[in-house]
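Chain by chain, the residues:
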Amino acid sequence: MKKVLEELNDNGFKSLNYNLDLEYDKALENEDFKKLVTDLKLARKFLIKYTSILEKSSKEYANCSKCKGIFECKNKILGHCYVPKVEDDKLIFEYKICKYNIDLEEKRKHQKNIYFSHVPEDIKNASIEDVYMNDKARFDVIEYLQKFINDYQKKKEMKGLYLNGSFGCGKTYLVSAAFNELAKKGYKSAIIFWPEFLQELRSSFESDFKEKFDYIKKVPLLLIDDIGAESVTEWARDDIFCPIVQYRMENHLKTFFTSNLTLEELEEHFSVTKGKVDSVKAKRIIERVRQLTSDMSIISKNLRK
Ligand code: ADP
Ligand code: MG
């Protein structure tokens, strides 16, 4: 019986090796794979056990060799390549950061100073240098923001902006570009996409809620993005928005708003909750927003692609 088992094992092992050999030879037909395993300088009998994982790695390598920038990355983890390396005579695999990603991380170092809540990548990376200068409609706003960047913390009476305009005209981009510039100087800010942030707060547990709410109240620079796009509830207006603007006003914390609505339209928006009209409350809130900001509008085409 023992002999039969030994024979079976032996045959099983042989056929396993045979399959590994076949798979490895097939993979070797690919030039990228061939180059990768040749560079590893390991014995074939060892490498054949790793064919499929080496294939994965060689595909990622090949993607990297053709790549011209992180935004074309085809690999599984953005800006990383799955690479084999030999350590203590063992073959191990790891995700290695690519050169474009290192450059990008360097460029984005300052972004640790900005808290983003539901903000798309292009807005996160907005920069004053890349701002389109071909449209006069934005000049006044750009000028205001430049001044704000230069004078922030030098002049106490400076105000944020209430920036209104149509969808896609570049409101969020411009304020975000200014915050990025200020982040490079070490100033902390937050960019909050208001409708989503409210949803997030609503579903947060108590301690989490308090932490987020307090942070937004107290962060030195704040952009409340797309105010007026949320559905108004008494909770959102009286328990969230109002205390935030009240606190920021009392403590001279610079606050920006973007909206598709003018301030007059925002007042109307805030005056109705579930069919209940409260124009006095709405007026009071808008007064606070006016205290915090200079009112500007952009009339321009939709830049969204
Ligand atoms: P809004 O907030 O007014 O709806 P966004 O700021 O989101 O519009 O801008 C719409 C798109 O146009 C974004 O994808 C952004 O990348 C681009 N964009 C807007 N303004 C500029 C600008 N001044 N320079 C470069 N790109 C811009
Ligand atoms: Mg916007």
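This one's a predicted model, so the numbers in the text were calculated from it and none came from an experiment.

1. Quick notes on the overall build of the protein
Next, step 1: Helix and strand counts for the protein come out as 13 helices and ten strands.
Next, step 2: Considering only C-alpha atoms, the protein reaches an extent of 95 × 50 × 35 Å along its principal axes.
Next, step 3: In the protein, which comprises 305 residues, the proportion classed as buried is 43%.
Next, step 4: At a minimum sequence separation of 6, the contacts of the protein that also span at least 24 residues come to 72%.
Next, step 5: Averaging the locations of the 54 positively and 50 negatively charged side chains of the protein gives two centres separated by 2 Å.

2. Examining the side chain of arginine 138
Next, step 1: Looking at the element boundaries, arginine 138 is found in the loop between helix 6 (121-124) and helix 7 (139-151).
Next, step 2: The contact partners of arginine 138, leaving out residues within four places of it in the chain, are Tyr132, Cys169, Leu174, Ile298, Ser300 and Leu303.

3. Focus: the site of ligand 1
Next, step 1: For ligand 1, the set of nearby residues contains 17 residues, the closest of which are Asp122, Gly168, Thr172, Tyr173 and Arg304.
Next, step 2: With respect to ligand 1, the backbone of cysteine 169 contributes an N or O atom lying 3.2 Å from an oxygen atom.
Next, step 3: Here an oxygen atom of ligand 1 sits 2.8 Å away from a polar atom, N or O, in the main chain of tyrosine 173.
Next, step 4: Protein chains bury 90% of the 550 Å² of accessible surface belonging to ligand 1 in isolation.
Next, step 5: Elements that contribute at least two residues to the shell around ligand 1 include exactly helix 6 and helix 8 (171-184).
Next, step 6: If one sorts the elements of the shell around ligand 1 by residue count, helix 8 sits on top with four residues.
Next, step 7: Grouping the constituent residues of the shell around ligand 1 by class yields eight nonpolar, four polar and five charged.

4. Re the pairing of strand 1 (residues 80-87)
Next, step 1: Both strand 1 and strand 2 (residues 90-97) contribute to a ladder of eight bridges, which runs antiparallel. Counterpart to cysteine 81 in the pairing with strand 2 is lysine 96.
Next, step 2: Between strand 1 and strand 2, which pair antiparallel in sequence order, lie two residues; one of them, aspartate 88, sits at a positive phi of approximately 50°.

5. Describing the sheet that holds strand 6 (residues 221-225)
Next, step 1: With parallel pairing, six strands are arranged side by side in an open sheet as 3-5-6-7-4-10. In this open sheet, the two edge strands, each paired with only one partner strand, are strand 3 (114-117) and strand 10 (293-298). Direction aside, the axes of adjacent strands within the sheet are offset by 10° on average.
Next, step 2: By the bridge criterion, six bridges tie strand 4 (residues 160-165) to strand 10 in an arrangement that is parallel. Note that in strand 10 the partner of leucine 161 across the bridge is serine 294.
Next, step 3: Across the sheet, helix 7 is in contact with strand 4, strand 6, strand 7 (254-259) and strand 10; its angle to strand 4 comes to roughly 160°.

6. Concerning the pattern of salt bridges
Next, step 1: All chains considered together, the criterion is met by 20 salt bridges.
Next, step 2: For lysine 35, the salt bridge goes to aspartate 39, with nearest N and O atoms at 2.8 Å. Taken together, the positions of lysine 35 and aspartate 39, both in helix 2 (residues 31-40) and four residues apart, correspond to about one turn of that helix.
Next, step 3: On the basis of relative accessibility, which here comes to 54%, the residue lysine 35 falls in the exposed class.
Next, step 4: Classification of aspartate 39 as partly exposed rests on a relative accessible area of 46%.
Next, step 5: With a closest N to O distance of 2.7 Å, lysine 210 and aspartate 214 form a salt bridge. With lysine 210 and aspartate 214 both in helix 10 (residues 206-218) and four residues apart, this pair spans about one turn of that helix.
Next, step 6: Accessibility expressed as a relative area gives 18% for aspartate 214, which makes it buried.

7. Looking at the packing of aromatic side chains
Next, step 1: Summed over the entire model, instances satisfying the criterion amount to 16 aromatic pairs.
Next, step 2: Taking the centre distance of 5.8 Å and the plane angle of 70° together, the rings of tyrosine 24 and phenylalanine 33 count as edge-to-face.
Next, step 3: On the basis of relative accessible area, tyrosine 24 is assigned to the buried category, the value being 4%.
Next, step 4: Assessed through its relative accessible area of 0%, phenylalanine 33 is described here as buried.

8. Observations regarding the nonpolar core
Next, step 1: Grouped together as the largest cluster of nonpolar side chains are 30 residues, with contacts concentrated most on Val141, Phe179 and Phe256.
Next, step 2: Sorting the residues of this core by element identifies strand 3, helix 7, strand 4, helix 8, strand 6 and strand 10 as the ones contributing at least two each.
Next, step 3: No other element matches the seven residues that helix 8 contributes to this core.
Next, step 4: The contact partners of phenylalanine 179, leaving out residues within four places of it in the chain, are Ile114, Ser189, Ala190, Ile191, Leu221, Leu222, Leu223 and Phe256.
Next, step 5: Judged by nonpolar contacts, the second largest core, of 29 residues, contains Leu198, Leu263, Ala282 and Leu292.

Quick notes on the rules
Residues numbered from 1 in each chain as written. Chains lettered and ligands numbered in written order. Predicted model: local features only at pLDDT ≥ 70, side-chain atom pairs only at ≥ 80, totals over all residues. Heavy atoms only, no water. Helix = DSSP H or I, 4+ residues; strand = E, 2+ residues; numbered from the N terminus. Buried < 20%, exposed > 50% of the residue type's maximum accessible area, 1.4 Å probe, protein only. Contact = heavy atoms within 4.5 Å. Lys, Arg positive; Asp, Glu negative; His and termini not counted. Charge placed at Lys NZ, Arg CZ, Asp CG, Glu CD. Near = heavy atom within 4 Å. Polar contact = N/O pair within 3.5 Å; in protein donor to acceptor, adjacent residues only side chain to side chain. Areas by Shrake-Rupley, 256 points an atom, 1.4 Å probe, with all protein chains shown as cover. Nonpolar A, V, L, I, M, F, W, Y, C, P; charged D, E, K, R; others polar. Pairing = 2+ DSSP bridges. Axes fitted to C-alpha atoms, helices over the stretch in contact; angles between N-to-C directions. Salt bridge = Lys/Arg side-chain N within 4 Å of Asp/Glu carboxyl O. Phe/Tyr/Trp six-rings, centres within 6.5 Å; stacked < 30°, edge-to-face > 60°. Core = buried A, V, L, I, M, F, W, Y, C linked by side-chain atoms within 4.5 Å.

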